[in-house]
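Notes for the structure review
Read off the chains here:
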Amino acid sequence: MDINTKSNLTKLSWLSYSLTCVTGIAVVLPFVITQPAADYFKSDLGYIGFVFSFFMFGMLIFQFLNGYIVNFMSVRKEIYIGAVIYILCTTAMFFIHTAELLIPILILLGFCFGVIVTIPNFLIVHSFEGKDLSAKLNQLDLWFSIGSLVYPMIAGWMVEKYFSWQAVYFSVIIIFAVIVFLCTRAVLPNVSEEKSPTQKFSKWNINVWLVGIAIFFYFMSYIGYTYWVAAYLTKYQHLSESASDFGVTLFWIMYAVGCFISSFAVRFIKVNKYIIISAIISLAAYFIINHSTTVMMMYIAISILGLGCATIYSSSISYATLLVEHPSPRIVSFIITSSGVGTYLGQVYSSWVQTHWGIPAITMISAVFMAITIVCYLIIAFNDKIAIKHI
């Protein structure tokens, strides 16, 4: 079967959506089952939170390394091995009784999802071109949001019905079964440089590095802010816990809506312009947040922030691959790794700022980081003629 047939491209799209959705689930699950896990291990909640941070540690490492691993192992094998590792790790969770034994399991799961999070981007980048590429990458972010929004509800229902936290993890195997089935039915693109000697990937230019820097500050900005939204609404707006959590939910709902809109918008607006416009909208949202005097204003501003942030990540992956003639998988891994480091440090820096200057200061610093993101993209837009010609 030809890889570029309509039928195969549809299969590749759904395989990519499924892989991205399961990644969204994996990233959000530690936030959902931390309390049940702490009860199970009879341990302090803060310590269990520290234990689950090892998942992100493992994920960060293999987000970067998979740009090299695909030169020695096919994407299909990676998917199969990832499914097996997930089954083994989640099964092992049922047999451990100390939190320390959970650490190596979470690190291994992190390795697994560090690979899985990059694969959909590899598949899309090497199967689609131009505006279709930008649209498909934005659809990936939509499916990440769907996984992040829907599965916590399923996990909450399972915990409420007295399922164990291990069972919540184990239930995700159903999605892996779908992924494996789709993988067996599709013809996957070859993304290995070593296995395709006739395909010479282009050298990176300065603008590729600037995209990575921009993505780092973008994630530092919105992760640092959203990490403390609920606490801000509780402490400074005097809202109930459920009303404060609704503020966070609003952000992610509008983020998903923004991803859906951008999957169509980038077909009509140049992707570099769309990124800059979205970043400016996000910066304006921070300004409104900082001057909000009512809860409704805060909710509206948070919603605007979600819409503004929605397209920047996936569109940046597309944009980075358009900055060179023949993009390698390492460009995708580099952008994803930059986002991962920004995500991790966003939580770290905002926690430090909260301790020393309070939560309101985080809004101002997040706005500064978003402004740096805008400056980076303006430099790229004016500096690179190749990208503009290809978009």
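Here the structure is a predicted model, which means the values were calculated and not measured. (Residues numbered from 1 in each chain as written. Predicted model: local features only at pLDDT ≥ 70, side-chain atom pairs only at ≥ 80, totals over all residues. Heavy atoms only, no water.)

Here we look at the packing of aromatic side chains
- A full pass over the atoms with the stated rule returns 40 aromatic pairs.
- For the ring pair Trp14 and Trp143, a centre distance of 5.5 Å and an interplane angle of 75° mean the geometry is edge-to-face. Separated by 129 residues along the polypeptide, Trp14 in helix α1 (residues 6-41) and Trp143 in helix α5 (residues 130-160) bring together distant segments of the chain.
- The class for Trp14 is partly exposed, based on a relative accessible area of 42%.
- Of the residues examined, Trp143 reaches a relative accessible area of 24% and is grouped as partly exposed.
- Relative to Phe369, the ring of Tyr349 has its centre 5.3 Å away and its plane inclined at 80°; by these criteria the two rings are edge-to-face. Of the two residues, Tyr349 sits in helix α14 (residues 329-357) while Phe369 sits in helix α15 (residues 359-383), which places them 20 residues apart along the sequence. Phe369 shares its class with Tyr349; the two are buried. (Phe/Tyr/Trp six-rings, centres within 6.5 Å; stacked < 30°, edge-to-face > 60°. Helix = DSSP H or I, 4+ residues; strand = E, 2+ residues; numbered from the N terminus. Buried < 20%, exposed > 50% of the residue type's maximum accessible area, 1.4 Å probe, protein only.)

Considerations on a nonpolar patch on the surface
- On the surface, Ile253, Val257, Phe260, Ile261, Phe264 and Leu307 cluster together into a nonpolar patch covering about 500 Å² of accessible area.
- At five residues, helix α10 (residues 241-265) tops the list of elements feeding residues into the nonpolar patch.
- With respect to the element layout, Phe260 can be found in helix α10.
- With a relative accessible area of 46%, Phe260 lands in the partly exposed category. (Patch = residues over 30% accessible without salt bridge, like charges linked within 9 Å, V, L, I, M, F, W, Y side chains within 5 Å. Areas by Shrake-Rupley, 256 points an atom, 1.4 Å probe, with all protein chains shown as cover. Salt bridge = Lys/Arg side-chain N within 4 Å of Asp/Glu carboxyl O.)

What about unusual backbone geometry?
- Even without being a glycine, Lys42 presents a positive backbone phi close to 55°.
- By the element assignment, Lys42 lies in the loop between α1 and α2 (45-69).
- A positive phi angle, close to 60°, is found at His238, a residue other than glycine.
- Its place among the elements puts His238 in the loop between α9 (229-235) and α10.
- Given the relative accessible area of 66%, His238 is considered exposed.

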